[in-house]
Amino acid sequence: MKVLVLGAGVVGIATAYFLWRDGHDVVVVDRQAGPGRETSYGNAGGLCPSFAGPWAAPGMVAKVLKMSMQPDSPIRFSLGLDPRKIQWIIRWMQQCTPDHFRVNKLRMQRVAHYSLRCLKGIAAEAPLTDFDFHDGGTLQIFRTDAELEIGRLSAKALDEFGVPWKLLGPQELAAVEPAMAHSTVAVAGALHMPADASGDSYKFVNELAAFLAARGVTFQYDTQVQLIRTAGGQVESVLTDRGAMQADSYVVALGSHAPFLVSPLGIRLPVYPLKGYSITVPVIEGQDDGAATAVPRVAIMDEHNKIMMSRLGNRIRAAGMAELTGYGLELDANRQALIERVVKELIPTGLDFGKVEFWAGLRPMTPDGPPILGRTQYPNLFLNSGHGSNGWTQSCGTGKIVADIVHGRTPEIDLDGLTAERFRA
Ligand SMILES: Cc1cc2nc3c(=O)[nH]c(=O)nc-3n(C[C@H](O)[C@H](O)[C@H](O)COP(=O)(O)OP(=O)(O)OC[C@H]3O[C@@H](n4cnc5c(N)ncnc54)[C@H](O)[C@@H]3O)c2cc1C
């Protein structure tokens, strides 16, 4: 069967891999000049099933409102007149109850743990060796006693999800991450979640796309998808700025932009962008001598500033901020300064801040948290959308799930709460 995958981000490329593995004739199309050039380019690098959970959490509405009024807040919010955004916000607010949170978190945990196993499977099978993968877990650090108390409570909740964790006092941090001995931050405590990992999704996507291209998968870049055409109740072709493209089946993996292409077909995808920023800073050569290394290896989440950082080979990637302000990708120098300040506090030596790369991206958020996978009312059109702030973590599992559905096979995990069905209720 010929399958056209729309979108060459980490979600589209992972889907293409599993479709190729099933023996399909796969074509991937993207408007960029290569794979992984939009949201999959500069994310924080965290492969963190332990963290996978919805943005819609109890107390979040008040927190967002309060924080968005503070200068230098990681959250920015504008109402505007976009009806899609207003509808998204209403749905998001409705999901911020303890019961919804628990259900949504369980759904996301189901996908995220499965997904990390799928990623490790691809990396071993292909094999992929060049995406700065590190299997050392995440260290969530708390700067105040109040934050630590919340961390203690959320750690207990991790048991329900079967996530291993250990609460550490300030003196125990260096045993997990020796570089923390150099930090200038007064830490009240930390949570170590050893099941997590980190890696560079852009490098992963490029290595995997090259692997697939060498095995017959076709990549058509610099091609803007303009319209999905239907006839007789199914997709007949896709119109692009370089002509029409035809296949037997079609997978939509267009990140935050998916709703624009499917809404003319009557498919209302509640996916809206949540903008974030990252900096990438090179490690100064010679800083990695044995245990005295000043630059962390494990992924670190600074809970106080909501900034996540990962060691990606000879670089540190740090990302954060949550702006519900539309589709713009403008770079805000104040945001860069804030992330740099946090990184300098945690990693005061060993990084070359003269060579910082600054980036912004759009997390494709669903109001409840889990992605939207699988079938539509068109029998040959499939969705792989709405991966939000955990899309790198969830990409390989969702790629496998959607490829299984396209192939006509039952996915290996339960799809309850992971399809577009939940928004029709
Ligand atoms: C600041 C930040 C930090 C993050 N940190 C993490 C993290 O630590 N861990 C984690 O798991 N996730 C993280 N994420 C989330 C993760 O990066 C995303 O969920 C994931 O990259 C989404 O992948 P995607 O393939 O769906 O979207 P994209 O990577 O955006 O891919 C969509 C593709 O579709 C193409 N496209 C769109 N419209 C068209 C069109 N009309 N025609 C042709 N092509 C089109 C685009 O060019 C793009 O290549 C972070 C995100 C941000 C912004």
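The coordinates are above.
Now for a look at the structure at hand. These figures come from a predicted structure and were not determined experimentally. (Residues numbered from 1 in each chain as written. Predicted model: local features only at pLDDT ≥ 70, side-chain atom pairs only at ≥ 80, totals over all residues. Heavy atoms only, no water.)

1. Describing the pairing of strand E19 (residues 372-375)
The following threshold applies: When DSSP finds at least two bridges between two strands, those strands are taken to pair. The helix count covers DSSP runs of H or I at least four residues long, the strand count covers runs of E at least two residues long, and both are numbered beginning at the N terminus.
As defined by bridge partners, E19 adjoins strand E20 (residues 381-385) across four bridges and the pair is classed as antiparallel. Of the residues in E20, the one forming a bridge with Arg375 is Phe382. Where E19 folds back onto E20 in an antiparallel hairpin, the turn is made up of five residues.

2. Points about the site of the ligand
Basically, it comes down to this: Proximity is defined per residue: if any heavy atom of the residue lies within 4 Å of a molecule or strand, that residue is considered near it. The definition of a polar contact used here is a pair of N or O atoms within 3.5 Å, where within protein one atom must be able to donate a hydrogen and the other to accept one, and adjacent residues in sequence count solely through side-chain atom pairs. Each residue receives one of three labels: charged for Asp, Glu, Lys and Arg, nonpolar for Ala, Val, Leu, Ile, Met, Phe, Trp, Tyr, Cys and Pro, and polar for the others, Gly being one of them. Start and end positions for the domains come from either an automated domain assignment or a database one.
Residues in contact with the ligand amount to 35 residues; listed here are only the nearest, Asp30, Ser40, Gly46, Gly388 and Thr393. In this structure, an oxygen atom belonging to the ligand sits 3.3 Å away from a main-chain N or O atom of Val10. In this structure, an oxygen atom belonging to the ligand sits 3.0 Å away from a main-chain N or O atom of Trp392. Looking at side-chain class alone, the shell around the ligand contains eleven nonpolar, 20 polar and four charged residues. In this structure, the shell around the ligand is formed jointly by two domains, domain 1 (2-41 + 203-269 + 370-423) and domain 2 (55-96 + 132-197 + 272-365), each of which donates at least three residues.

3. Some thoughts on the layout of surface pockets
For clarity, the threshold we go by: Buriedness of a pocket was judged along seven lines, with at least five required to meet protein on both sides within 12 Å; pockets are open sets of points on a 1 Å grid over the protein atoms alone, cavities are sets where a 1.4 Å probe fits but cannot get out, and lining residues have an atom within 4 Å of a point. Grid points are joined across faces, edges and corners, and a volume is the space filled by probe spheres set on the points.
The computed volume of the second largest pocket comes to approximately 240 Å³. Forming the boundary of the second largest pocket are 13 residues, of which Arg84, Gln87, Arg268, Leu269 and Pro270 lie nearest the centre. Breaking the lining of the second largest pocket down by element, the ones donating at least two residues are helix H3 (83-94) and helix H8 (258-262). The dominant element in the lining of the second largest pocket, judged by the number of residues it contributes, is H3, at four residues. For the lining of the second largest pocket, the per-class residue count stands at eight nonpolar, two polar and three charged. Viewed by domain, the lining of the second largest pocket spans two of them, domain 1 (2-41 + 203-269 + 370-423) and domain 2 (55-96 + 132-197 + 272-365), each represented by three or more residues.

All we've got here are geometric facts, nothing functional implied.
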